[in-house]
Each structure stands twice: as C-alpha cells, then as structure tokens.
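So you can see what is in the structure, the chains are spelled out below.
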Amino acid sequence: MLDYNENQAEEAEGWAALALPAWDKKLWSGSGAPSMRSVAQIATDVACSVVSAAVPVVGSAAALLIEAQTELIFAGLDYAGGYKTAWEAGNALGKKMAVSTMETLVTAGMSKIKASGSLSS
C-alpha cells in the first residue's frame, strides 16, 4: 500500500508540474533549477543594482520602475494564460511592488545617511 501512495504522490507532483505555465517550469531537472521567471527576476535585480549604484537617487527610481515592469509582464502573462485570476495577479504584483518600494526607500535612506557621514563604518 505504501508503494501505491508514493506513486500517487509522484503522479500528482508530475501533473502539477505539467499544469504550470512555461515561464514557471524548471529549466532543467534538479531541486535547485531556476525557472524563466526566477532568471528574469535575478537579471532584473542585478540590472537594478547597477543602475542604482551608478546614479543613486534617479537610479533608485529607475530601478523601481524596472522591477515594476518585470512583475507587470509576468502578472499579465499569468492572467492572460488563465493561470491566475485578476485578483491573484494583482495581489502578487502589489506585494512585490510594496517590497520593492520599501527596499528602494531604505537603500536610498541609508545612502543618504552614509553620504552625510552620520553613519560610521
């Protein structure tokens, strides 16, 4: 009976993986394999770090807009493909933008404090 349950669990995992959109499927087999979405998010994070480091104030705002664009693209794909409802896609987008905004504000604030010399290293 145990073999049957294990096979059922493995089959359910396989069907769940097949139901994922192409951008959320793993690029190769393995436990740590990224998806296209995670690769895009990592690339966006790296680009945003470069932009915000190059031009601190304007770069932070630009980085926030770049992150918003990436999240908006994937939210639109999820909704258009029927993988998420409008509420689910909007909720995920809102959470990501709230986190990104807070990160940007904290980074800009710490940069300002560091530049003024109030923060000793």
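Residues numbered from 1 in each chain as written. Predicted model: local features only at pLDDT ≥ 70, side-chain atom pairs only at ≥ 80, totals over all residues. Heavy atoms only, no water.

Colleague: What's the story with the pattern of salt bridges in this structure? I'm lost.
Modeller: Side chains bearing opposite charge may pair, as long as their charged atoms lie close to each other. On inspection of all chains with the given rule, the structure shows three salt bridges. Taking the shortest distance from any N to any O, the salt bridge between Asp78 and Arg37 comes out at 2.6 Å. Taken together, the residues span a long stretch of sequence, with Asp78 in helix α3 (residues 56–80) and Arg37 in helix α2 (residues 36–54) at a distance of 41 residues. In this pair, the class of Asp78 matches that of Arg37, namely buried. (Salt bridge = Lys/Arg side-chain N within 4 Å of Asp/Glu carboxyl O. Helix = DSSP H or I, 4+ residues; strand = E, 2+ residues; numbered from the N terminus. Buried < 20%, exposed > 50% of the residue type's maximum accessible area, 1.4 Å probe, protein only.)

Colleague: Whenever I open this one, α3 confuses me. Can you help?
Modeller: With 25 residues, α3 extends 36 Å between its outermost C-alpha atoms, agreeing within 8% with the 36 Å of an ideal straight helix rising 1.5 Å per residue. Two residues or fewer after α3 comes Gly82, characterised by a positive phi angle close to 80°. (Expected span 1.5 Å × (residues − 1).)

Colleague: Explain a nonpolar patch on the surface to me, please; I cannot follow it from the model alone.
Modeller: Nonpolar side chains collect at one region of the surface, where Met102, Leu105, Val106, Met110 and Ile113 lie side by side and expose about 470 Å² of accessible area between them. If you trace the backbone, Met110 turns up in helix α4 (residues 86–116). (Patch = residues over 30% accessible without salt bridge, like charges linked within 9 Å, V, L, I, M, F, W, Y side chains within 5 Å. Areas by Shrake-Rupley, 256 points an atom, 1.4 Å probe, with all protein chains shown as cover.)

Colleague: I would appreciate a short explanation of a negative patch on the surface in the present structure.
Modeller: A cluster of acidic side chains, namely Asp3, Glu6, Glu10 and Glu13, defines a negative patch on the protein surface. Turning to its location among the elements, Glu10 is positioned in helix α1 (residues 2–19). For Glu10, a relative accessible area of 57% translates into the label exposed. (Lys, Arg positive; Asp, Glu negative; His and termini not counted. Charge placed at Lys NZ, Arg CZ, Asp CG, Glu CD.)

Colleague: Any chance you could explain the environment of Met97 here in plain terms?
Modeller: If you trace the backbone, Met97 turns up in helix α4. Residues Met97 and Ala75 lie 22 residues apart in sequence; the distance between their C-alpha atoms is 12 Å. When near neighbours in sequence (up to four residues on either side) are disregarded, Met97 contacts Leu64, Glu67 and Ala68. (Contact = heavy atoms within 4.5 Å.)

Colleague: Sorry, what's going on with α2 here?
Modeller: The periodicity of an α-helix, 3.6 residues per turn, causes residues three or four places apart in sequence to face the same way. Its 19 residues give α2 an end-to-end C-alpha distance of 27 Å, which sits within 8% of 27 Å, the value for a rise of 1.5 Å per residue. The set of residues buried in α2 consists of Arg37, Thr44 and Cys48. Each buried residue of α2 lies within a common arc of 35° when the element is viewed along its axis, so the set occupies one face. The outward face of α2, more than 90 degrees from its buried face, is lined by the exposed residues Ile42, Val50, Ala53 and Ala54. Those residues of α2 hidden inside the fold are in contact with α3. (Arc of directions from axis to C-beta.)

Colleague: Looking at this structure, I do not really get the nonpolar core. What am I missing?
Modeller: Nonpolar side chains in soluble globular proteins tend to be buried together. Of all hydrophobic cores here, the largest spans five residues; its members are Leu64, Ala75, Ala89, Leu93 and Met97. In terms of residue count, α4 provides more of this core than any other element does, three residues in total. For Leu93, the contacting residues outside a window of four places in its chain are Glu71, Leu72 and Ala75. (Core = buried A, V, L, I, M, F, W, Y, C linked by side-chain atoms within 4.5 Å.)

By themselves, these are just geometric observations and shouldn't be taken as functional.
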